[in-house]
Amino acid sequence: MKAVEIYLLLHLILTASVLVNTFDPITVTVGVISNLWQLFNTHERCDSEWISFNAEGLRADLESKLFGQHIASRVILKAVNGFMSDDNPQKPLVLSLHGRSGTGKNFVSRLIAENIYKEGMDSSFVHVFIATYHFPHKSQIDSYKSQLQQWIKGNATNCERSMFIFDEMDEMNPGLIDSIKSFLNHYKKLDGVSYRKAIFIFLSNAGGEVITETALDFWKEGRNRDEIKLIDLETSLSASAFNDINSGFWHSRLIDDNLVDFFIPFLPLEYRHVVQCAMAEMKAKGLEPDQDVAAELAKDLIYFPKSERVFSVQGCKTIEKRLYHYID
Ligand SMILES: *[C@@H]1O[C@H](CO)[C@@H](O)[C@H](O)[C@H]1NC(C)=O
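Keep in mind it's a predicted model, so treat the numbers as computed, not measured.

Summarise the state of the cysteines; cite the residues concerned and give the values.
Applying the stated rule across the entire model yields two disulfides. For Cys277, the disulfide goes to Cys316, at an S-S distance of 1.9 Å. Given an S-S torsion of about 90 degrees, the disulfide between Cys277 and Cys316 has right-handed geometry. Of this pair, Cys277 sits in helix α12 (residues 271-284) while Cys316 is found in the loop between β7 (311-312) and α14 (319-326), placing the two residues 39 residues apart along the sequence. Accessibility expressed as a relative area gives 16% for Cys316, which makes it buried. Numbered by order of appearance in the sequence, the disulfide-linked cysteines of the protein chain pair as 1-2, 3-4.

Given below as structure tokens:
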């Protein structure tokens with residue numbers, strides 16, 4: 001029994017006993033039934049009460065919580081909006097998020113989950129696979145393959161509107177990626193299971209170099225980074241993910257077969273973005289956002305390239321932990 005269920009059970013008994021004192025059998029019955037209903041309702045189900053897309057919430061979250069990612073923010077909103085408002089999508093939504101670590105790839109996946117599932121990342125319909133954690137041994141690749149296929153199939157059978165997040169795609173064995181490719185395709189049903197309403201999100205550092213180079217070029221030319229267009233990056237991005245031997249995409253047919261709907265670049269973060277992250281983090285912690293603290297924290301991070309010191313090496317990744325050293 002979950003804590004919340006125990007709580008509700010106690011609440012039920014309490015309410016019932018209070019109501020019994022009123023000696024009104026109808027009130028008692030109604031009270032008991034409504035409490036029982038609540039009790040059963042705490043179990044997450046694959047229906048609109050637990051899964052419903054909040055487009056406005058996602059837009060607001062991307063705008064106020066994600067910093068320095070004008071491309072990612074726009075593409076994700078458009079992609080998810082379009083997919084979720086289509087009652088009969090032809091294939092699952094497949095997003096491939098690229099960029100250095102700390103630029104917000106995991107964070108964005110969380111925002112998407114939170115605006116679709118009532119339980120957010122804790123939803124039993126959201127599944128995260130981390131290459132080095134779930135599939136660490138090269139020698140066991142064959143058993144991983146069948147396991148992963150079974151998991152995806154089982155979970156999609158449970159709930160058509162499932163979300164699968166694959167972290168550390170660059171560490172993922174290409175064979176393993178190939179093994180899930182049929183799920184991403186335009187099949188109406190595969191062995192009686194439909195994957196068309198599922199969302200697959202791949203996170204990877206692959207392409208980070210290319211993205212950084214482009215951002216640095218803009219910076220050197222004194223151009224606003226907001227002018228960087230998806231098209232400036234998309235071609236080199238899919239090419240670099242494809243050619244990078246260390247990337248799980250290598251030789252993978254996800255790209256050959258155009259199964260990925262959107263390649264989404266995450267730009268390296270500058271000092272001012274780190275300040276924004278720190279301010280947002282303070283707010284999220286219920287603290288009064290303090291510009292001085294944020295600036296101090298951001299100053300202590302390491303920036304690259306060595307000579308120009310433009311981008312944060314860690315992005316916003318360590319902000320949450322570091323914050324404690326700066327607030328007494
Ligand atoms: C769903 O996926 C999880 C891994 O995230 C796995 O442990 C579980 O067995 C899967 N469920 C089914 C029904 O296959």
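Run through the layout of surface pockets, naming residues and quoting values.
Of the pockets and cavities examined, the largest pocket occupies roughly 1100 Å³. Forming the boundary of the largest pocket are 35 residues, of which Gly104, Phe107, Arg110, Glu281 and Cys316 lie nearest the centre. Residue assignment for the lining of the largest pocket shows that the elements contributing at least two residues are α3 (55-65), α5 (105-114), β4 (199-204), α12 and α14. The dominant element in the lining of the largest pocket, judged by the number of residues it contributes, is α5, at six residues. Each of domain 2 (55-266) and domain 3 (271-326) gives at least three residues to the lining of the largest pocket. The calculated volume of the second largest pocket comes to roughly 270 Å³. Along the wall of the second largest pocket there are 13 residues; nearest its centre are Phe135, Lys138, Glu171, Met172 and Asn173. Looking at the lining of the second largest pocket, the elements with two or more residues in it are α6 (131-134), α7 (141-158) and α8 (174-179). Here the lining of the second largest pocket is built from residues that sort into eight nonpolar, three polar and two charged.

Which residues make up empty space enclosed by the protein, and what are the values?
Tallied over the full model, the rule gives one cavity of 30 Å³ or more. Reported here for the largest cavity is a volume of approximately 40 Å³. Surrounding the largest cavity, Pro92, Ser182, Phe183, Asn185, Tyr187, Lys188, Lys189, Leu190, Val193 and Tyr195 form its lining.

Before we move on, can you summarise the site of the ligand with the specific residues and values?
Taken together, the residues surrounding the ligand are His127, Phe129, Gln150, Trp151, Gly154, Asn155 and Asn158. The separation between an oxygen atom of the ligand and a polar side-chain atom of His127 is 3.4 Å. A total of 360 Å² of accessible area belongs to the ligand in isolation, and the protein chains cover 58% of it. If one sorts the elements of the shell around the ligand by residue count, α7 sits on top with five residues. Counted by class, the shell around the ligand contains two nonpolar, five polar and no charged residues.

I'd like a description of the sheet that holds strand β1 (residues 93-99), backed by residues and values.
Pairing between the strands of a sheet comes from backbone hydrogen bonds, and it takes one of two forms, parallel or antiparallel. The five strands are arranged β2-β3-β4-β1-β5 in an open sheet whose pairing can be described as parallel. Two strands lie at the open edges of the sheet, namely β2 (126-130) and β5 (262-266), each paired on one side alone. The average undirected angle you get between the axes of adjacent strands in this sheet is 15 degrees. Bridge count between β1 and β4: six bridges; the pairing is parallel. Residue pairing across strands places Val94 opposite Phe200, the latter belonging to β4.

Quick one: what's the story with α7, residue by residue and with numbers?
Across its 18 residues, α7 extends 25 Å between first and last C-alpha, which sits within 8% of the 26 Å expected from 1.5 Å per residue. By the burial criterion, the buried members of α7 are Ile141, Tyr144, Leu148, Ile152, Asn155 and Ala156. Along the long axis of α7, the arc covered by the buried residues comes to 100 degrees, so they all point the same way. Along α7, exposed side chains directed more than 90 degrees from the buried face belong to Asp142, Gln150, Thr157 and Asn158. Where α7 is buried, its residues touch β2, α6, β3 (163-167), α8 and β4.

Parameters and conventions
Residues numbered from 1 in each chain as written. Predicted model: local features only at pLDDT ≥ 70, side-chain atom pairs only at ≥ 80, totals over all residues. Heavy atoms only, no water. Disulfide = S-S within 2.5 Å. Helix = DSSP H or I, 4+ residues; strand = E, 2+ residues; numbered from the N terminus. Buried < 20%, exposed > 50% of the residue type's maximum accessible area, 1.4 Å probe, protein only. 1 Å grid on protein atoms, 1.4 Å probe; cavity = no way out; pocket = protein on both sides within 12 Å on 5 of 7 lines; lining within 4 Å. Points joined across faces, edges and corners; volume = space filled by probe spheres on them. Domains from an automatic or database assignment. Nonpolar A, V, L, I, M, F, W, Y, C, P; charged D, E, K, R; others polar. Near = heavy atom within 4 Å. Polar contact = N/O pair within 3.5 Å; in protein donor to acceptor, adjacent residues only side chain to side chain. Areas by Shrake-Rupley, 256 points an atom, 1.4 Å probe, with all protein chains shown as cover. Pairing = 2+ DSSP bridges. Axes fitted to C-alpha atoms, helices over the stretch in contact; angles between N-to-C directions. Expected span 1.5 Å × (residues − 1). Arc of directions from axis to C-beta. Contact = heavy atoms within 4.5 Å.

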